[in-house]
There are 2 protein chains.
Amino acid sequence: MNDFIYHIPTKVYFGRDHLQHLGAELKQFGPRVLMTYGGGSIKRVGLYDRVVQAVREAGLELYELPGIEPNPRIGSVREGARLCKEHHIDVLLAVGGGSTIDATKFIAAGACVDHDPWDFLDLAKRAPIERALPIVDILTLSATGSEMDTGGVISNPETHDKIGRLAPQLLPRVSFLDPTNTFTVSRFQTACGAADMLSHIIEVYFTTQHDLFMLDCFMEGLMKTIIRFAPVAMAEPENYEARANLMWTSSWAINGFVNGGKTKAWSCHPMEHELSAYYDITHGLGLAILTPRWMEYCLDDERLPRYVQYGVNVFGIDASLPPIEIARKAIAATAHFLYDTLGLQRTLPEVGIDDTHFATMARKAVGGDALPGFKPLRQADVEAIYRMCMA
Amino acid sequence: MNDFIYHIPTKVYFGRDHLQHLGAELKQFGPRVLMTYGGGSIKRVGLYDRVVQAVREAGLELYELPGIEPNPRIGSVREGARLCKEHHIDVLLAVGGGSTIDATKFIAAGACVDHDPWDFLDLAKRAPIERALPIVDILTLSATGSEMDTGGVISNPETHDKIGRLAPQLLPRVSFLDPTNTFTVSRFQTACGAADMLSHIIEVYFTTQHDLFMLDCFMEGLMKTIIRFAPVAMAEPENYEARANLMWTSSWAINGFVNGGKTKAWSCHPMEHELSAYYDITHGLGLAILTPRWMEYCLDDERLPRYVQYGVNVFGIDASLPPIEIARKAIAATAHFLYDTLGLQRTLPEVGIDDTHFATMARKAVGGDALPGFKPLRQADVEAIYRMCMA
């Protein structure tokens, strides 16, 4: 068990009726606010108007950066950093899902430096992140957990790069988590969000490291929550209980708490980032396609006990069965949840991906010699996993 | 489900090798440190010397308040507040268990006002807590969770009062949680700590309110952790895994996370505070005696489903049994864990308590009309529960 530091000072307003606190929370950082958002769905549902009203009533100056893309791009980050400098912005207000918040994090850091914000992400440069403007967010999609973590992922379409980075300065100061703001999320995006948060937990849960049992229990609870409530939210989009459970789970799946005592070495996420970097598919969908194949690929005698614990505690598989049978049933149950219950596509060809870039993507996913993680994966391993996703 | 605010900015250093950060963490608040501790066990085990060395190496000025009692008393708080004023203390360093940290919290607040610190607790006065000196702590006992929560409980032997209070200003800024610092905790105190943290969870878990399933899962995981590792720590005091699981569980049992979406209305704690106010028994021991009787007293048709969920998910009782049978088995399993596994005393007479003060204690426990909580309890109910603890 490794030593660790736990420190998540984000203040979270959870529930329906907290927007009256928005003005005061922003104001503590200064009067000039840059609001960032995506394609405009927040206007259709009336959230935009309520936010603007709250900001204005607090006597703050409001600037806007709309149009942040899913798989957010460095172009938006550059534009946001430019606006911050031009208007001497004091605080950023991200209204949206993980893409908007991720982009806002690098805008916040970019506003404090003279260089191109891509230098923070560029693997050859990795410019230090020493300061960032404070970030407040209003979450509209339960998925990435960006509302309570220190990371973000930015795409550079010119170079087919999709790169993530963590820095404590990027942690949102205040997050408004109102489950009703996710009532209008589509069935498909609800499913992709569920797959994303499930993957965040699986990336940590599947380990051969010795760690804290209490965190294993917590992760099993989070996974059971996703499996129980994602289908409810898809069938009844305005079911508050389902949306609330998914929303709070999205934050805790990745805010770092579950990681206490472990090293952080993920597998499916780096493999997926290449898929969405090359094909701009939804991140959660790419994870859903990869995860059961990765589980199958990694299964061996040494790793078997983890599959058994997962199968018994998360899916309720009969603990008296032979371990290998439990493991196979656990993988099948995961696939059944992702493809049948959530209705996500099962193969890469179904989402328009063929084997053209497998070698390049696998090489980039691995980075150096091998992806560390549950089972170390070399380029050939990643290619093999991509290939398993062809049918 | 109620709206809630989640905000726990405490920075936690968890593990063996973090003491080298102590100096820098203290120094950020200023050079004058008041170190508070209890009866001197930290000297016997060498922790005192290591802390003093770290503080001195950081070039800080060290003052000391030793002798903080179990069930800490207002006299220590008054003395601590006086020392803070006399020496212009910048930051408090509590080294000990919940008693030391609780007392330190009210010293920190008392240092910032001119009135008697008891006025913060006195139910007739309830002086506002607007400021407090920053608190850093080094935890040596897994039990109360004071290292990561906003509350403390102080005894006033003159008035037989034992009163708790919460205030965000009292939250420790930095907590050092090193499981090896609990290796020397006795079997009895390990058991009492386990009973205390189990009670913290039960007080929240047993509810008729609608709330977050993901938090129910988390609480079940915490309870399973205590049930699994408390006996291990008692049998093998230097088992790191057991001590680590208990330590992190103690913090999360009561830091407020599990409470998200619920009102906070506890039952066994107010009943127990009267026992230890009148008889100065160990808090966790009093809770252990009360809890199974309280469970038995509250069991009715309306509340039955919670007992069933508890029995099945925490103790693995066969879900196909009749619900009332599961409930009875769950209460019996709780009693078995507390009295047989942990070896704690089962009745009030065994700890030197008779029925002399039952009426007064019950009246004070109830406060006004009735204790709210899982099942509202009037004075007669509390007296009945005390009486159930006689044999």
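On a predicted model such as this, the values are computed, not experimentally measured, just so you know.

Peer 1: Would you mind showing me how to read the relation of the copies chain B and chain A here?
Peer 2: What connects the two chain copies is a rotation about an axis and a shift along it. In the superposition of chain B on chain A (RMSD 0.0 Å, axial shift 0.0 Å), the rotation amounts to 180°. On this basis, the relationship between the two copies can be described by a two-fold rotation axis. Identified as the residue of chain B closest to the rotation axis by C-alpha distance is Pro9 of chain B, at 2.0 Å. Interface overlap between copies is the fraction of interface residues in one copy that are interface residues in the other; for chain B against chain A it reaches 97%, indicating a shared surface.

Peer 1: Just to check I follow, could you spell out the domain arrangement of chain A for this structure?
Peer 2: Quoted interface sizes are often the accessible area lost when the parts come together. All names here are of chain A. Annotation of chain A at the domain level lists domain 1 (11–181) and domain 2 (185–388). Spacing between the C-alpha centres of domain 1 and domain 2 amounts to 27 Å. Residue-level contacts link 18 residues of domain 1 with 27 residues of domain 2. Broken down by secondary-structure element, the contributors of at least two residues to the side of domain 1 that touches domain 2 are strand E7 (151–156) and strand E8 (161–166).

Peer 1: Is there a simple way to explain the sheet that holds strand E1 (residues 4–6) of chain A in this structure?
Peer 2: Sheet strands pair by backbone hydrogen bonding; their relative direction is either parallel or antiparallel. Across the sheet, which stays open at both edges, the seven strands sit in the order E1(A)-E2(B)-E9(B)-E6(B)-E5(B)-E3(B)-E4(B) with mixed pairing between neighbours. Strands at the two margins of the open sheet, each flanked by one partner only, are E1 of chain A together with strand E4 (61–65) of chain B. Here the strands of the sheet are splayed against their neighbours by 20° on average, with no regard to which way each runs. Here strand E2 (residues 11–14) of chain B runs beside strand E9 (residues 174–177) of chain B; their pairing, made up of four bridges, is parallel. Within E9 of chain B, the position partnered with Phe14 of chain B by the bridge is Leu177 of chain B. This element, helix H3 (residues 47–57) of chain B, spans strand E3 (32–37), E4, strand E5 (91–96) and strand E6 (135–139) of chain B of the sheet and lies at about 150° to E4 of chain B. Strands E3, E5 and E6 of chain B of the sheet are contacted by helix H5 (residues 98–110) of chain B, whose axis makes an angle of about 165° with E5 of chain B.

Peer 1: Please clarify how the environment of Gly286 of chain B should be interpreted in this entry.
Peer 2: Residue and element names in this part refer to chain B. With respect to the element layout, Gly286 can be found in helix H11 (residues 283–298). A count of 29 C-beta atoms within 10 Å places Gly286 in the buried class. Spatially, the C-alpha atom of Gly286 lies 29 Å from that of Ile8, the residues being 278 residues apart in sequence. Contact partners of Gly286, with chain neighbours within four places excluded, come to Glu272, Leu275, Ser276 and Ile281.

Cut-offs used in this document
Residues numbered from 1 in each chain as written. Chains lettered and ligands numbered in written order. Predicted model: local features only at pLDDT ≥ 70, side-chain atom pairs only at ≥ 80, totals over all residues. Least-squares fit on C-alpha atoms with pLDDT ≥ 70 in both. Contact = placed C-beta atoms within 7 Å. Domains from an automatic or database assignment. Helix = DSSP H or I, 4+ residues; strand = E, 2+ residues; numbered from the N terminus. Pairing = 2+ DSSP bridges. Axes fitted to C-alpha atoms, helices over the stretch in contact; angles between N-to-C directions. Buried ≥ 20, exposed ≤ 12 C-beta atoms within 10 Å, placed from the backbone.

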